[in-house]
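# Survey of secondary and tertiary structure
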Amino acid sequence: MKQGIHPENYRLVAFKDMSNEDVFITKSTVETKETITHEGVEYPVFKMEISRTSHPFYTGKSKLIDTAGRIDKFKTKYAKHSK
């Protein structure tokens, strides 16, 4: 292995899935400003919108997203600005 190319600031970080409140702890170098107490220990926390516990590929449950409705709402909302 090459020397001096890997970061040295590895520490335990809590990764929190904001969609289902799942928290898991792993080593990381990610920069964080907030902390969380998990099982009586305080960790820096990195908030995520999706993780392995909420992603449809891993859970087997798909979520239907109303893209047509979103597009129609966008067009009607901004139609007056395009003229």
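For the structure, check the block above.
Within each chain, residue numbers correspond to sequence positions counted from 1 in written order. Reporting in this predicted model follows two pLDDT cut-offs: at least 70 for local features of residues, and 80 or more for side-chain atom pairs to be given and counted; totals over whole chains, interfaces and linings ignore these cut-offs and use all residues. Excluded from the side-chain calculation are hydrogens and water; included are all heavy atoms of the structure.

## Observations concerning unusual backbone geometry
The condition is simple: Secondary structure counts use DSSP, requiring at least four H or I residues in a row for a helix and at least two E residues in a row for a strand, with both numbered from the N terminus.
The phi angle at glutamate 21 is positive, at roughly 65 degrees, despite the residue not being glycine. Relative to the helices and strands, glutamate 21 resides in the loop between β1 (11–17) and β2 (23–28). For glutamate 39, which is not glycine, the phi dihedral falls at a positive 55 degrees. Inspection of the secondary structure assignment puts glutamate 39 in the loop between β3 (34–38) and β4 (41–48).

## A look at the pairing of β3
Put simply, the rule reads: Any two strands with at least two DSSP bridges between them are considered paired.
Two elements, β3 and β4, share five bridges in a ladder whose sense is antiparallel. When the bridges of β4 are listed, threonine 37 appears paired with glutamate 42. Count of turn residues in the β3/β4 antiparallel hairpin: two residues, of which glutamate 39 carries a positive phi of about 55 degrees.

## Topic: the packing of aromatic side chains
Where we set the bar: Classification of ring pairs uses Phe, Tyr and Trp, with its six-membered ring standing for Trp, and accepts pairs whose centres are within 6.5 Å; under 30 degrees between planes counts as stacked, over 60 as edge-to-face, and the remaining range as tilted. Partly exposed residues are those whose accessible area sits between 20% and 50% of the maximum for their type, while under 20% is buried and over 50% is exposed, using a 1.4 Å probe and protein chains only.
As enumerated under the stated definition, the model contains two aromatic pairs in all. Ring geometry for phenylalanine 15 against phenylalanine 24: centres 5.6 Å apart, planes inclined by 15 degrees, an arrangement best described as stacked. A residue is classified by how much of its surface remains accessible, and phenylalanine 15, at 12% relative accessible area, is buried. Relative accessible area serves as the criterion here: at 24%, phenylalanine 24 is assigned to the partly exposed category.

Taken by themselves, the reported measurements are silent on function.
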